[in-house]
Amino acid sequence: MSVTVRIPTILRTYTGGQAEVNAEGATLGEVIEDLEKNHTGIAARVLDDQGKLRRFVNVYVNDDDVRFEQGLGTATPDGAGVSIIPAVAGG
Amino acid sequence: MAAQTVASTTDSAAGTSVDLGPAAALSCRECGHRVPLGSVFACEECFGPLEIAYDFSAYDTEELRKRIEAGPANIWRYAPLLPVPADVATKPNINPGWTKLVQADNLARELGVDAGKLFVKDDSGNPTHSFKDRVVAQAIEAARAFGFTTLSCSSTGNLAGAVGAAAARAGFRSCVFIPHDLEQGKVVMAAVYGGDLVGIEGNYDDVNRFCSELIGDPAGEGWGFVNVNLRPYYAEGSKTLAYEICEQLGWRLPDQIVVPIASGSQLTKIDKGLQELIKLGLVEDKPYRIFGAQAEGCSPVSTAYKAGHDVVRPQKPNTIAKSLAIGNPADGPYVLDIARRTGGAVEDVTDEQVVDAIKLLARTEGIFAETAGGVTVGVTRKLVESGALDPSLTTVVLNTGDGLKTLDAVAGTGMTATIRPSLDSFREAGLA
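Since this is a predicted model, take the numbers as computed values, not measurements.

Rules and cut-offs
- Residues numbered from 1 in each chain as written.
- Chains lettered and ligands numbered in written order.
- Predicted model: local features only at pLDDT ≥ 70, side-chain atom pairs only at ≥ 80, totals over all residues.
- Helix = DSSP H or I, 4+ residues; strand = E, 2+ residues; numbered from the N terminus.
- Rg over C-alpha atoms; globule rule 2.2 N^0.38 Å.
- Buried ≥ 20, exposed ≤ 12 C-beta atoms within 10 Å, placed from the backbone.
- Contact = placed C-beta atoms within 7 Å.
- Nonpolar A, V, L, I, M, F, W, Y, C, P; charged D, E, K, R; others polar.
- Pairing = 2+ DSSP bridges.
- Axes fitted to C-alpha atoms, helices over the stretch in contact; angles between N-to-C directions.
- Core = buried A, V, L, I, M, F, W, Y, C linked by C-beta atoms within 7 Å.
- Parallel < 35°, antiparallel > 145°, perpendicular 65-115°, else oblique.
- Left-handed = near helix turned anticlockwise from the far one by under 90°.
- Domains from an automatic or database assignment.

Enquirer: I tried to follow the overall build of chain A on my own but got confused; where do I start?
Expert: Check the secondary structure of chain A and you find two helices and five strands. Beginning at the N terminus, the succession of helices and strands in chain A can be written as β-β-α-α-β-β-β. Relative to its length of 91 residues, chain A is compact, with a C-alpha radius of gyration of 12 Å against a globular reference of 12 Å. When each of the 91 residues of chain A is scored for burial, the buried share is 43%. Contacts in chain A between residues far apart in sequence, at least 24 positions, make up 53% of those at least 6 positions apart.

Enquirer: Could you clarify how one ought to interpret helix 10 (residues 300-307) of chain B in this entry?
Expert: Within an α-helix, residues lying three or four positions from one another point in the same direction, as the helix has 3.6 residues per turn. Residue and element names in this part refer to chain B. Every buried residue belonging to helix 10 is among Pro300, Val301, Ser302, Ala304 and Tyr305, and all of these are buried. Residues of helix 10 that are buried make contact with strand 13 (289-295), helix 11 (332-342) and strand 14 (346-349). At the exit of helix 10 stands Gly308, carrying a positive phi of roughly 80°.

Enquirer: Whenever I open this one, the interface of chain A and chain B confuses me. Can you help?
Expert: A common way to report how large an interface is uses the accessible area buried once the components associate. Counting residues at the interface gives 21 residues for chain A and 27 residues for chain B. Contributions of two or more residues to the side of chain A that touches chain B are made by strand 3 (57-61) and strand 5 (81-86) of chain A. Per element, the largest residue contribution to the side of chain A that touches chain B is three residues, and it comes from strand 5 of chain A. Taken together, the residues of the side of chain A that touches chain B break down into twelve nonpolar, four polar and five charged.

Enquirer: Is there a simple way to explain the sheet that holds strand 15 (residues 395-399) of chain B in this structure?
Expert: The strands that make up a sheet are held in pairs by hydrogen bonds between backbone atoms, and each pair lies either parallel or antiparallel. Residue and element names in this part refer to chain B. The strand order 6-7-15-12-13-14 describes an open sheet built from six strands, whose pairing is mixed. Across the chains shown, the open sheet's two edge strands, defined by having one partner strand only, are strand 6 (100-103) and strand 14. Along the sheet, successive strands turn relative to each other by an average axial angle of 25°, direction set aside. Pairing of strand 13 with strand 14 involves four bridges; the strand directions are parallel. Of the residues in strand 14, the one forming a bridge with Ala295 is Val349. In the packing of helix 10 onto the sheet, the strands contacted are strand 13 and strand 14, and the crossing angle to strand 14 comes to about 125°.

Enquirer: Whenever I open this one, helix 8 (residues 239-248) of chain B confuses me. Can you help?
Expert: All names here are of chain B. In terms of burial, helix 8 is largely enclosed, as nine of its ten residues are buried. Lys239, Thr240, Leu241, Ala242, Tyr243, Glu244, Ile245, Cys246 and Glu247 are the residues of helix 8 that are buried. Check the buried side of helix 8 and you find it contacts strand 6, strand 7 (118-122), helix 3 (132-146), helix 9 (265-280) and strand 15. One or two steps after helix 8, the chain reaches Gly250, where phi turns positive at roughly 85°.

Enquirer: Looking at this structure, how should I read the nonpolar core?
Expert: Soluble globular proteins: nonpolar side chains tend toward being buried together. Residue and element names in this part refer to chain B. Ala139, Val163, Val259, Phe291 and Leu324 are the most contacted members of the largest nonpolar core, which has 157 residues in total. Here this core gets nine residues from one element, more than from any other, and that element is helix 3. With residues up to four places along the chain from it excluded, the contact list for Leu324 reads Pro260, Ile261, Ala262, Gln294, Ala295, Cys298, Ala372 and Val375.

Enquirer: Quick question: what am I supposed to make of the packing of helix 10 of chain B against helix 11 of chain B here?
Expert: Angle between the axes and distance between the axes are the two parameters that describe a pair of packed helices. All names here are of chain B. Running from amino to carboxyl end, helix 10 crosses helix 11 at an angle of 45°, the nearest separation of the two axes being 10 Å. As judged from the angle between their axes, helix 10 and helix 11 are oblique. The hand of the helix 10/helix 11 crossing is right-handed. Touching Pro300, Val301, Ala304 and Tyr305 of helix 10 are Gly332, Val335, Leu336 and Ala339, all from helix 11. The residue makeup of the contact of helix 10 with helix 11, split by class, is seven nonpolar, one polar and no charged.

Enquirer: When you look at the sheet that holds strand 11 (residues 223-225) of chain B in this model, what are you seeing that I'm missing?
Expert: All names here are of chain B. Taken in spatial order, the four strands make up an open sheet running 10-9-8-11, and their pairing is parallel. The open sheet has two edge strands with one neighbour each: strand 10 (196-200) and strand 11. Strand-to-strand, the axes of this sheet are offset by a mean angle of 20°, without reference to chain direction. Relative to strand 11, strand 8 (residues 150-154) runs parallel, the two being bridged by three bridges. Along strand 11, the bridge assignment pairs Ser152 with Phe225.

Enquirer: Mind showing me how you'd approach the pairing of strand 2 (residues 20-24) of chain A here?
Expert: Within a regular strand, side chains alternate between the sheet's two faces. Residue and element names in this part refer to chain A. Of the two faces of strand 2, the one holding Val21 and Ala23 is buried and the one holding Glu20, Asn22 and Glu24 is not buried anywhere. In the sheet, strand 1 (residues 2-6) pairs with strand 2 via five bridges, with the strands oriented antiparallel. The residue of strand 2 that forms the bridge with Ser2 is Glu24.

Enquirer: Got a minute to help me understand the domain arrangement of chain B in this structure?
Expert: Residues and elements named next belong to chain B. Assigned domains within chain B: domain 1 (8-86), domain 2 (100-129 + 237-410) and domain 3 (132-234). The distance between the C-alpha centroids of domain 1 and domain 2 comes to 26 Å. Contact with domain 1, which involves nine residues of that partner, is made by seven residues of domain 2. A breakdown of the residues in the side of domain 1 that touches domain 2 according to their chemical character gives seven nonpolar, one polar and one charged.

Dropping the structure here:
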């Protein structure tokens, strides 16, 4: 499954400044693994020491917050858009 | 007068020198990573929230107290404790704050709180009738320092009005985003200032997500989003609620405070403000409890609190308290930490209880609160009944906005009678 991943400004040092990159994977967890292969270091920014999503990271697959879905097990269908967004906004 | 320590720091993004008074750096609340002052809001190491680290080392306690007391009757009396330049009071801004702390004896009697112990901090008295003027006033100064010319935000309504007004006065363009189905009063109060007001088809969390994506896109380049890329500065405005409450109590800490929770930022900054006053010696150190208040229809923090969790599971909001309808609260985990550390609690009330509490506050104290004020008063009642809140201790309840903004909530309230213009008709109506 090929998906498009929107990268927040604070992670663009890992993507050579690109705001969007492509990645492969049938689930969000696989997509992050694939991101790591091409952009070394990015997974450790998004995941904590236990391999879970950091608590101040929001990830959306298309329009769905993965915390309402299956977290890292959320399916990422072919052509899906994945957005990684800092959670410390708003209020 | 105490010499003010002024940190002149380079904004790495803009390459310019900024003067934001005692603000020395940005520090990650999670991992402590420090970066220079700039228009960034999330830690590059762990995504944690960045907040202002200060240098207060030059202050003498009594000189600082005199300086504050001699200051203007607005939040700028606390300029030495805020991320603003020393001459902030001379710049065009909306100058909010120094709102009334009302001793609420009639309400106390109804709630079963001891006489002289209950106070309402009534922030409906701010320029755009909500506490949001406090935070926007800070953001305006940061926007000026970093060279932004357009101000923006995601808003549940009150913030949109505060940004519109402050932008108009300070000479910024504004373009703000709100859920499309907000209360009419809030829409009008945000639109009247002449900036762009954009309704988003979705709830607040959708609006917030949109703004977070816009900020990383060329379309949003050069924009200062008060509650996103200016959030570290903006959030500090809520500290002034803590400063004012203590000064108005005669430089004393309250024993208990009941604070509404939307993102949770206000509650965490009230705690920060109280801690600063203790460290500076401006108040005597003693225990205090902070209670958080939510509406049942959007209660992710109180749900986590009651379940004993330290993470907050997002919810889809469904409540009349729209100014608190943030289903994914950014500072929720910190609210849990503070409520537990101080011996407080987080509680919620139904929409019906919110409406009852709005009417109770109005008929006992002559204060017409918006729904968020109904939430705090309703939760206070519940906390007294459960024994979680001690009725013999000094307690401050926050009203963060004006009831005129949420008239729909009390729409059934109306005339007692309609009569002919005659004395007979008046007598017949039984009103004599």
